[in-house]
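Chain and residue survey
What follows is each chain in one-letter form.
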Amino acid sequence: DAGVTQSPTHLIKTRGQQVTLRCSPKSGHDTVSWYQQALGQGPQFIFQYYEEEERQRGNFPDRFSGHQFPNYSSELNVNALLLGDSALYLCASSGRGFSYEQYFGPGTRLTVT
Amino acid sequence: AQSVSQHNHHVILSEAASLELGCNYSYGGTVNLFWYVQYPGQHLQLLLKYFSGDPLVKGIKGFEAEFIKSKFSFNLRKPSVQWSDTAEYFCAVIGSGNTGKLIFGQGTTLQVKP
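Structure report, in brief.

Conventions we followed
Residues numbered from 1 in each chain as written. Chains lettered and ligands numbered in written order. Predicted model: local features only at pLDDT ≥ 70, side-chain atom pairs only at ≥ 80, totals over all residues. Heavy atoms only, no water. Helix = DSSP H or I, 4+ residues; strand = E, 2+ residues; numbered from the N terminus. Rg over C-alpha atoms; globule rule 2.2 N^0.38 Å. Buried < 20%, exposed > 50% of the residue type's maximum accessible area, 1.4 Å probe, protein only. Contact = heavy atoms within 4.5 Å. Areas by Shrake-Rupley, 256 points an atom, 1.4 Å probe, with all protein chains shown as cover. Lys, Arg positive; Asp, Glu negative; His and termini not counted. Charge placed at Lys NZ, Arg CZ, Asp CG, Glu CD. Core = buried A, V, L, I, M, F, W, Y, C linked by side-chain atoms within 4.5 Å.

1. A short note on the overall build of chain B
If you tally the helices and strands in chain B, you get zero helices and twelve strands. Mapped from its N terminus to its C terminus, chain B presents α and β elements in the order β-β-β-β-β-β-β-β-β-β-β-β. Here chain B has a C-alpha radius of gyration of 14 Å; the compact-globule value for 114 residues is 13 Å, and the two agree. Taken along the three principal axes of its C-alpha coordinates, chain B extends 40 × 25 × 20 Å. The proportion of buried residues among the 114 residues of chain B is 47%. Here the contacts in chain B between residues at least 6 apart in sequence split such that 54% fall between residues at least 24 apart. Accessible surface for chain B amounts to roughly 5,300 Å². Of this, 51% is attributable to carbon and sulfur atoms. Distance from the positive charge centre (9 side chains) to the negative charge centre (7 side chains) of chain B: 5 Å.

2. With respect to the nonpolar core
The nonpolar side chains of soluble globular proteins are, as a tendency, buried together. L33(B), W35(B), L48(B), F74(B), L76(B) and Y89(B) are the most contacted members of the largest nonpolar core, which totals 30 residues. Counting 20 residues, the second-largest nonpolar core is a separate cluster that includes V19(A), L21(A), A87(A) and L110(A).

Written out as structure tokens, the structure is:
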């Protein structure tokens, strides 16, 4: 049973560029959430996707956007990268419809120079 | 504002010592509570959870946590730690009826000396 997978593992970008991160949920899950984890901090909720729509959003600017595909996989896009966007980006998936338990992937380490 | 506070940022223990990591939350309503663990080089894993019922919950690897509603606390305990428990521990809360936004504490790094 494959868990949550994310790609790429690491990424280096320059200020002002755009980046796309990808996530495949755990088998049987249909809901995907994205978190940003800065060094030495706990993860912070960015948004959640369910049925291909953004269901809930955290306190992040519009530069952060996402998408969910019919196969439940998801993308996180960040435009106009800032140095402060450097962080570990975590994807979490949860079970069908309404579930509190979120299962996390290994993350994508984004470095903005 | 909704928040989670973990009192200990870095804890160092010897093997066989007892562990208690503090977690307090601020949330206006019924909550569901979690402890996640991140072992070195691995992803976040669920250690235990509380949804309702018995406030003393048991998780994997001998960990347990007690929900004290009056104190808004959900402390993590283990009677005897092992070197393999070296990891970062995160307390998290989500409001009942809200399946999206897990609110995490800033984490506690536990180092167990052999």
